[in-house]
Amino acid sequence: METISNIIREYNWESPFTFIIVILISMAFMRKWSIFLLVLITSLVGWLTQDFIIINMDTERQLVSLPVIVYGGGGLLFVILVLLSFYKS
């Protein structure tokens, strides 16, 4: 029990990962499995693509990083699924 309390006290509660975990737990409790899987897959793909960027070959400047596209698309799908779920109920 002491180990669990130490982990909770030492955890960085301001990290973005905390927000993802809260969303996943709340979606699991509400049994919104499509939204749960979408958040999980978006987080996983965004984390795996964290080093990829899109560069303009003429100016050699970074245009956008691939995780921004992944998180943006996943966020858009998340909003659409939440709205569909809201209108069904």
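Calculation notes
Residues numbered from 1 in each chain as written. Predicted model: local features only at pLDDT ≥ 70, side-chain atom pairs only at ≥ 80, totals over all residues. Heavy atoms only, no water. Helix = DSSP H or I, 4+ residues; strand = E, 2+ residues; numbered from the N terminus. Contact = heavy atoms within 4.5 Å. Areas by Shrake-Rupley, 256 points an atom, 1.4 Å probe, with all protein chains shown as cover. Patch = residues over 30% accessible without salt bridge, like charges linked within 9 Å, V, L, I, M, F, W, Y side chains within 5 Å. Salt bridge = Lys/Arg side-chain N within 4 Å of Asp/Glu carboxyl O. Buried < 20%, exposed > 50% of the residue type's maximum accessible area, 1.4 Å probe, protein only. Core = buried A, V, L, I, M, F, W, Y, C linked by side-chain atoms within 4.5 Å. pLDDT = per-residue confidence, 0-100. 1 Å grid on protein atoms, 1.4 Å probe; cavity = no way out; pocket = protein on both sides within 12 Å on 5 of 7 lines; lining within 4 Å. Points joined across faces, edges and corners; volume = space filled by probe spheres on them. Nonpolar A, V, L, I, M, F, W, Y, C, P; charged D, E, K, R; others polar.

## Some points on the overall build of the protein
So, step 1. In terms of regular secondary structure, the protein is built from four helices and two strands.
So, step 2. Of the contacts made within the protein by residues no fewer than 6 positions apart, 37% connect residues no fewer than 24 positions apart.
So, step 3. Carbon and sulfur atoms provide 71% of the accessible area of the protein, an area that totals close to 7500 Å².

## Notes on a nonpolar patch on the surface
So, step 1. Together, Phe17, Ile21, Ile25 and Phe29 line one region of the surface with nonpolar side chains, adding up to about 440 Å² of accessible area.
So, step 2. Note on placement: Ile25 falls in helix 2 (residues 16-29).
So, step 3. Its relative accessible area of 44% is what places Ile25 among the partly exposed residues.

## Description of the nonpolar core
So, step 1. By size, the foremost hydrophobic cluster in this structure holds six residues: Ile23, Leu24, Met27, Ile35, Phe36 and Val39.
So, step 2. Only helix 2 and helix 3 (33-48) provide two or more residues apiece to this core.
So, step 3. Beyond its immediate chain neighbours, meaning those up to four positions away, Val39 contacts Ile20, Ile23, Leu24 and Phe78.

## A look at the confidence of the model for the protein
So, step 1. When pLDDT is averaged along the protein, the result is 77; 87% of the residues meet or exceed 70.
So, step 2. Taken element by element, the protein is modelled with least confidence in strand 1 (residues 53-56), mean pLDDT 66, and with most confidence in helix 4 (residues 66-88), mean pLDDT 82.

## Details of the layout of surface pockets
So, step 1. The computed volume of the largest pocket comes to approximately 210 Å³.
So, step 2. Around the largest pocket sit Phe19, Ile20, Ile23, Leu38, Val39, Thr42, Ser43, Tyr71, Gly74, Gly75 and Phe78, which together line it.
So, step 3. Mapped onto the lining of the largest pocket, the elements with two or more residues apiece are helix 2, helix 3 and helix 4.
So, step 4. The residue makeup of the lining of the largest pocket, split by class, is seven nonpolar, four polar and no charged.
So, step 5. What the second largest pocket holds in volume is close to 170 Å³.
So, step 6. Taken together, Phe17, Ile20, Ile21, Leu24, Val39, Leu40, Ser43, Leu44, Trp47, Gln50 and Tyr71 make up the lining of the second largest pocket.
So, step 7. Going through the elements one at a time, helix 2 and helix 3 are the ones with two or more residues in the lining of the second largest pocket.
So, step 8. Classifying every residue of the lining of the second largest pocket by side-chain character gives nine nonpolar, two polar and no charged.

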